[in-house]
Amino acid sequence: MTKPLSEVTPNTWSFLRDAMIAPTGFREYDARWKYPDEINLPGMTALGLGLGTQMHRRGIKPEIAVGNDYRDYSLAIKNALILGLMQAGIRVKDIGPALSPMAYFAQFHLDVPAVAMVTASHNPNGWTGVKMGFDRPLTHGPDEMSELRDIVLNGEGVARPGGSYEFVDGVKEAYIDDLVGDFKMSRPLKVVCATGNGTASAFAPEVFERIGVEVVPSHNRLDYTFPNYNPNPEAMEMLHDMAATVKATGADLALGFDGDGDRCGVVDDEGEEIFADKVGVIMARDLAKLHPGATFVADVKSTGLFASDPELQALGVKTDYWKTGHSHMKRRVKEIGALAGFEKSGHYFLAEPVGRGYDCGMRVAVEICKLMDRNPDKSMSDLRRALPRTWSTPTMSPYAADTEKYDILARLVDKLVAKAEAQETLAGRPIKEVVTVNGARVILDNGSWGLVRASSNTPNLVVVCESSESEQEMRAIFADIDAVIRTEPGVGDYDQTI
């Protein structure tokens, strides 16, 4: 295999012939490129050859489940990837259009060790990528990704005989059966099902109907042009639309899903958007009653309530704050035998006996319906109000180039640590500690905090702040964190701000 070219120029002779891959597409725990600006189809074939070679190097049985999300170019990209996998001597089982969690399910259902899912997740149209894994329910982390990057970019892919292709039907039906089981709602529940015209449109309404939920449709027609908004339940645009539908229809809650269905967003009966970390605390309270003394993992962007909530403490719960990112979280949940992991972005990792440990927005939706069934006298807003009050920002992402963001972040971490060591204040309060497991989470003496880290998927930093006292303090934390961020000229505008 020759080395792929790193410059991608569409509409050239070379573009239709030679593998071209921008190296920045290899992220911490998956691969994402703008297509066709950063990768071409021969480049995707080179990636498949590299992935197959990595399987052989690691002594993994040469079989893989492959799926694709619902975008107009995903099928062509998947076919190019499959070509490379077959070239590497891998037996490919193509499960067709899928959600990422359906592809993870296929590893168990078809008993194959590996998975490759062609998806750009919640990134807007124009992006593509691959989520992959060898050790179910885990996906590639930084070590596997850097190994794969080196194989592909150094042209170390090895062609072998034995590759084959099989289209496997029926996985979607088996996945939905697995989600539903024999559960049926015993209370009436009316749910706005928001899919933003993305892949989840082919799954969520059917799942809800099967468990006896009344469905209020919201953009459930498959349309890969995303005519209403980009399906991303962390974006205020989608959450506001879900809230408006709840208010207009008198629904009990709204559940929304991202482009590849591994994330779930929640709006309650009063039209209040409940950020996923708070939903996680509501779920942890419910699950801890069924599994006292359970361990939960929360990512560093999540609320401090996992550690401070009196009800969780009374149930003997242990909480571990860990690195943001679906691969990091899945691995941590498995490593420490946690019952579940919660990420502010809306990834939930429900392990045995609730789920299989991978992130599945559909599984979360079913479990939230079960939670509502176990609390027949409570509304979602009742459950939200039962939590200790905190004020938190949405996830805010200022621009920082992929080639510079980690260096910028390293300097920002040093500046924030230095601030703490010099006993300076933040938002007028003493700094208790700075957690640097993933960026810098600056924790104040009252448990309020502000975080800055680098996005693993896009050319951005990520900023989140939470106050246990007031909206005013939350804004002051953000202002002080942002003042430090603005000392870096390489940081640009925010995608959204408070």
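As a reminder, the structure under discussion sits directly above these lines.
Keep in mind that what you see is a predicted model, and the values were worked out from it rather than measured.

A.B. asks: Could you give an account of helix H12 (residues 361-374), with specific residues and numbers?
C.D. replies: Over its 14 residues, H12 runs 20 Å from end to end, which matches the ideal 20 Å to within 8%, given 1.5 Å per residue. Most of H12 sits inside the fold, with 13 of its 14 residues counted as buried.

A.B. asks: Would you mind going over the sheet that holds strand S8 (residues 214-218) in detail, with residue names and values included?
C.D. replies: Sheet strands pair by backbone hydrogen bonding; their relative direction is either parallel or antiparallel. Spatially, S8-S7-S9-S10-S11 is the arrangement adopted by the five strands of the open sheet, whose pairing is mixed. Pairing within the sheet leaves two strands with one partner each, and these edge strands are S8 and strand S11 (273-274). Both strand S9 (residues 253-257) and strand S10 (residues 264-268) contribute to a ladder of five bridges, which runs antiparallel. When the sheet's bridge partners are listed, Ala254 is paired in S10 with Val267. Sheet strands touched by H12: S9 and S10. Its angle to S9, the strand with the most contacts, is close to 165°.

A.B. asks: Could you give an account of the pattern of salt bridges, naming the residues involved and the relevant values?
C.D. replies: Following the criterion strictly, the structure yields 46 salt bridges and no others. Glu270 is the partner of Arg385 in a salt bridge, and the nearest nitrogen-oxygen pair spans 2.9 Å. Separated by 115 residues along the polypeptide, Arg385 in helix H13 (residues 380-385) and Glu270 in the loop between S10 and S11 bring together distant segments of the chain. Between Arg411 and Glu488 there is a salt bridge whose closest N-O contact spans 2.9 Å. Taken together, the positions of Arg411 in helix H14 (residues 405-421) and Glu488 in the segment after helix H15 (471-485) put the pair 77 residues apart, joining distant regions of the chain. Here the salt bridges do not stand alone but share partners, grouping Asp178, Arg356, Arg363, Glu367 and Lys370 into one network.

A.B. asks: Pulling in residues and values, what's your account of the sheet that holds strand S4 (residues 114-118)?
C.D. replies: Spatial strand order, S1-S5-S4-S2-S3-S6: six strands in an open sheet with mixed pairing. A single partner strand is all that each edge strand has here, and the edge strands are strand S1 (31-34) and strand S6 (164-167). Going across the sheet, the axis of each strand differs from the next one's by a mean of 20°, ignoring polarity. The pairing of S1 with strand S5 (residues 127-133) spans four bridges and is antiparallel.

A.B. asks: So what's going on with the packing of aromatic side chains? Which residues, and what values?
C.D. replies: Summed over all chains, the structure comprises twelve aromatic pairs. Between the aromatic rings of Tyr35 and Tyr73, the centroid separation amounts to 5.7 Å while the plane-to-plane angle is 35°, which identifies the pairing as tilted. In this pair, Tyr35 sits in the loop between S1 and helix H1 (41-57) while Tyr73 sits in the loop between strand S2 (63-68) and helix H2 (74-87), placing the two residues 38 residues apart along the sequence. Here the aromatic rings of Phe105 and Tyr175 are separated by 5.8 Å at their centres, their planes lie at 50°, and the arrangement is tilted. One end of the pair, Phe105, is in helix H3 (residues 100-109); the other, Tyr175, is in helix H5 (residues 171-180), and 70 residues separate them in sequence. With relative accessibility at 1%, the residue Tyr175 sits in the buried group. Ring-pair connections join several aromatic residues into one group, and the members of that group are Phe296, Phe306, Phe342 and Tyr348.

A.B. asks: Describe in detail the nonpolar core, supporting the description with residues and values.
C.D. replies: One finds Tyr175, Phe208, Leu255, Phe296 and Met362 to be the most contacted residues of the largest nonpolar core, which totals 72 residues. Counting residues domain by domain, this core receives three or more from each of domain 1 (13-169) and domain 2 (181-386). Not counting residues within four places of it along the chain, the set of residues in contact with Met362 comprises Leu99, Tyr175, Leu179, Ala200, Phe203, Ala204, Phe257 and Gly261. With 35 residues, the next largest nonpolar core counts Met44, Leu47, Val66 and Ala88 among its residues.

A.B. asks: Kindly report on the pairing of S5, identifying the contributing residues and their values.
C.D. replies: Looking along a regular strand, one sees the side chains alternate between the two faces of the sheet. The element S5 is largely enclosed, with a buried count of seven among its seven residues. Going residue by residue along S5, you find Trp127, Gly129, Lys131 and Gly133 tucked away on one face and Thr128, Val130 and Met132 tucked away on the opposite face as well. With four bridges connecting them, S4 and S5 associate as antiparallel partners. Each bridged residue has a counterpart across the sheet, and for Met117 the counterpart in S5 is Lys131.

So, how was this worked out
Residues numbered from 1 in each chain as written. Predicted model: local features only at pLDDT ≥ 70, side-chain atom pairs only at ≥ 80, totals over all residues. Heavy atoms only, no water. Helix = DSSP H or I, 4+ residues; strand = E, 2+ residues; numbered from the N terminus. Expected span 1.5 Å × (residues − 1). Buried < 20%, exposed > 50% of the residue type's maximum accessible area, 1.4 Å probe, protein only. Pairing = 2+ DSSP bridges. Contact = heavy atoms within 4.5 Å. Axes fitted to C-alpha atoms, helices over the stretch in contact; angles between N-to-C directions. Salt bridge = Lys/Arg side-chain N within 4 Å of Asp/Glu carboxyl O. Phe/Tyr/Trp six-rings, centres within 6.5 Å; stacked < 30°, edge-to-face > 60°. Core = buried A, V, L, I, M, F, W, Y, C linked by side-chain atoms within 4.5 Å. Domains from an automatic or database assignment.

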